[in-house]
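Overview (structure and organization)
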Amino acid sequence: MKNSSEQSLRGQIEKWLAPSPSIPLHVTRFSRAARNGKRYVCVETSLPAGNRALFFFRHPDGCWCVFPPAADIPRLHFI
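In what follows, the accompanying structure is described. Not measured: the values here are computed from a predicted model.

**Looking at the packing of aromatic side chains**
All chains considered together, the criterion is met by two aromatic pairs. Taking the centre distance of 5.9 Å and the plane angle of 50° together, the rings of Tyr 40 and Phe 55 count as tilted. Within this pair, whereas Tyr 40 is found in strand 2 (residues 39–47), its partner Phe 55 is found in strand 3 (residues 50–58), the two being separated by 15 residues in sequence. According to the relative accessible area criterion, Phe 55 is partly exposed, its value standing at 30%. When the ring of Phe 55 is compared with that of Phe 57, the centres are 6.4 Å apart and the planes differ by 25°; the resulting orientation is stacked. Put simply, the rings of Tyr 40, Phe 55 and Phe 57 touch in pairs and so form one group of aromatic residues.

Cut-offs applied
- Here, residues in each chain are numbered from 1, in the same order as that chain's written sequence.
- Per-residue local features of the predicted model are confined to residues with pLDDT of at least 70, and side-chain atom pairs are confined, for both listing and counting, to 80 or more; whole-chain, interface and lining totals are unaffected and use all residues.
- The basis for every side-chain value is the complete set of heavy atoms in the structure, and neither hydrogens nor water enter the calculation.
- Centres within 6.5 Å make a pair out of two Phe, Tyr or Trp rings, where for Trp the six-membered ring is used; the pair is then stacked when the planes are under 30 degrees apart, edge-to-face when over 60, and tilted otherwise.
- Secondary structure elements are taken from DSSP: a helix is a run of H or I of four residues or more, a strand is a run of E of two residues or more, and numbering for both begins at the N terminus.
- Partly exposed describes any residue whose relative accessible area lies between the buried limit of under 20% and the exposed limit of over 50%, with all areas from a 1.4 Å probe on protein chains only and scaled to the type maximum.

Next comes the structure, spelled out in structure tokens:
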């Protein structure tokens, strides 16, 4: 089981982008995906070698990841 800091948006940003006072971060986009209403955030860093940007996606269990949640699988419901 992951601890809560590994599941938080801040924890994921620190893991993937390693921000520091000399490497600031900027949230460049955040919203809900039009297709399914899932939340996402785009975070960008500016480095001498160029910019890096990552999208982070909120999963149904509340954790944030760099991959989107699995699509809802259509299911048959019998009455």
